[in-house]
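What follows is each chain in one-letter form.
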Amino acid sequence: MSGFDEAALTDAYERALSLEKAGAHAAAAEAYRECLVIDPEDHGGAAVRIAAMGLGEAPESAGDAYVATLFDQHAEAFEDILVRQLRYGVPALMAARIAEIAPGPYQRVLDLGCGTGLAGEALRDRATTLLGVDLSEGMIETCFDKGIYDDLYIGEAVGFLAEFDEEEPFDLIVAADVLPYLGGLDALFSGVAARLAPGGIFGFSTETLSEATFAGRDFMVGPHQRFHHRETYLGDRLAAHGFDCLECGPIVVRLQEGQPAPGHLVLARRRDW
């Protein structure tokens, strides 16, 4: 981090966390807003914390700076924490459903938010060429060491889809555990549609909440600073961007404080027109 007063940010952020833990949410939100003034790029995720307390509108995303910082910090221990401690199993679930519903094989596969390569490992045998992209340099280094991918890129998913300089389309794009860091999905779905060949498959996971908790909202930041999406919103936006939904099934994404975190696993096909 650079370009701002790191000591002042640390002081404000620690004060905000302490107030939040003490239940003084209004004061905590003010301290988080101080963080945003000091660091407009929001490396600490102050905006999603304010939204998680219900004291601010959900931002459009968790923010590139926050996501990159978060995953760079946890890159070395990522798989131990996520897979062995939190029982995260989305890549294997996705690979199983793809094998059942749209088995391929696929010439060109893109793994958005590839992390340490868990989805890449699960899908490698179905892909002739496998590309991965992630915001975290630490995650990309781990992927590189595994030797799973044919090419790896550092970048944010939506920006990568818009700016990638290869014109050849993909016939499978997956995004495991990407949507919990995004609010509105139009930019992502539009970018995926533009990069998929007609008839290409898009697979992704989400996290969700009860209809009562959503209270009519299409998406919201939950209590653990992750975005949650309504199933009806997913279907609506997929259709709007030229996809036919093949499956939208309920899954347990992982454990959250020892409890199952509900979500959806979605497979959609880009319309052939």
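These numbers were taken from a predicted model, which means no experiment stands behind them. (Residues numbered from 1 in each chain as written. Predicted model: local features only at pLDDT ≥ 70, side-chain atom pairs only at ≥ 80, totals over all residues. Heavy atoms only, no water.)

Q: A description of the layout of surface pockets should follow, citing residues and the corresponding values.
A: Gaps left between atoms are located by rolling a probe of water-molecule size over the structure's atoms. Size it by volume and the largest pocket reaches roughly 820 Å³. A breakdown of the residues in the lining of the largest pocket according to their chemical character gives 12 nonpolar, nine polar and six charged. When its volume is computed, the second largest pocket comes out at roughly 440 Å³. Along the wall of the second largest pocket there are 30 residues; nearest its centre are Gly113, Asp134, Asp177, Val178 and Tyr181. Residue assignment for the lining of the second largest pocket shows that the elements contributing at least two residues are α4 (64-74), α5 (78-85), α7 (118-123) and β2 (127-134). Broken down by class, the residue content of the lining of the second largest pocket amounts to 18 nonpolar, seven polar and five charged. (1 Å grid on protein atoms, 1.4 Å probe; cavity = no way out; pocket = protein on both sides within 12 Å on 5 of 7 lines; lining within 4 Å. Points joined across faces, edges and corners; volume = space filled by probe spheres on them. Nonpolar A, V, L, I, M, F, W, Y, C, P; charged D, E, K, R; others polar. Helix = DSSP H or I, 4+ residues; strand = E, 2+ residues; numbered from the N terminus.)

Q: Run through the pattern of salt bridges, naming residues and quoting values.
A: Tallied over the entire structure, the rule returns 18 salt bridges. Between Arg84 and Asp80 there is a salt bridge, with the nearest N and O atoms lying 3.3 Å from each other. With Arg84 and Asp80 both in helix α5 and four residues apart, the pair spans about one turn of that helix. Using a relative accessible area of 35% as the deciding quantity, one classes Asp80 as partly exposed. Ionic pairing is found between Asp150 and Arg124, a salt bridge with its closest N-O pair at 3.1 Å. With Asp150 in the loop between α8 (137-146) and β3 (151-154) and Arg124 in the loop between α7 and β2, this pair connects stretches of sequence that are 26 residues apart. Bridged by salt links that share partners, the residues Asp177, Glu207, Arg226 and Arg254 form one connected network. (Salt bridge = Lys/Arg side-chain N within 4 Å of Asp/Glu carboxyl O. Buried < 20%, exposed > 50% of the residue type's maximum accessible area, 1.4 Å probe, protein only.)

Q: Give me the lowdown on the pairing of strand β5 (residues 196-207), citing residues and values where you can.
A: Along a regular strand, successive side chains alternate from one face of the sheet to the other. Counted residue by residue, β5 has 10 buried out of 12 residues, so it is predominantly covered. Alignment of strand β4 (residues 170-175) against β5, held across five bridges, turns out to be parallel. By the bridge assignment for β5, Leu172 is matched with Ile201. In this view, the connection linking β4 to its parallel neighbour β5 by way of helix α10 (residues 186-195) has right-handed handedness. (Pairing = 2+ DSSP bridges. Right-handed = clockwise from strand over helix to strand, strands pointing away.)

Q: I'd like to hear about the packing of aromatic side chains, residue by residue, with values.
A: Per the counting criterion, the structure on display carries 13 aromatic pairs. Considering the side-chain rings of Phe71 and Tyr181, the 5.5 Å spacing of their centres and the 75° angle between planes classify their relative orientation as edge-to-face. With Phe71 in helix α4 and Tyr181 in the loop between β4 and α10, the pair connects residues that are 110 residues apart, well separated along the chain. For Phe71, a relative accessible area of 13% puts it in the buried group. Taking the centre distance of 5.3 Å and the plane angle of 50° together, the rings of Tyr153 and Phe160 count as tilted. (Phe/Tyr/Trp six-rings, centres within 6.5 Å; stacked < 30°, edge-to-face > 60°.)

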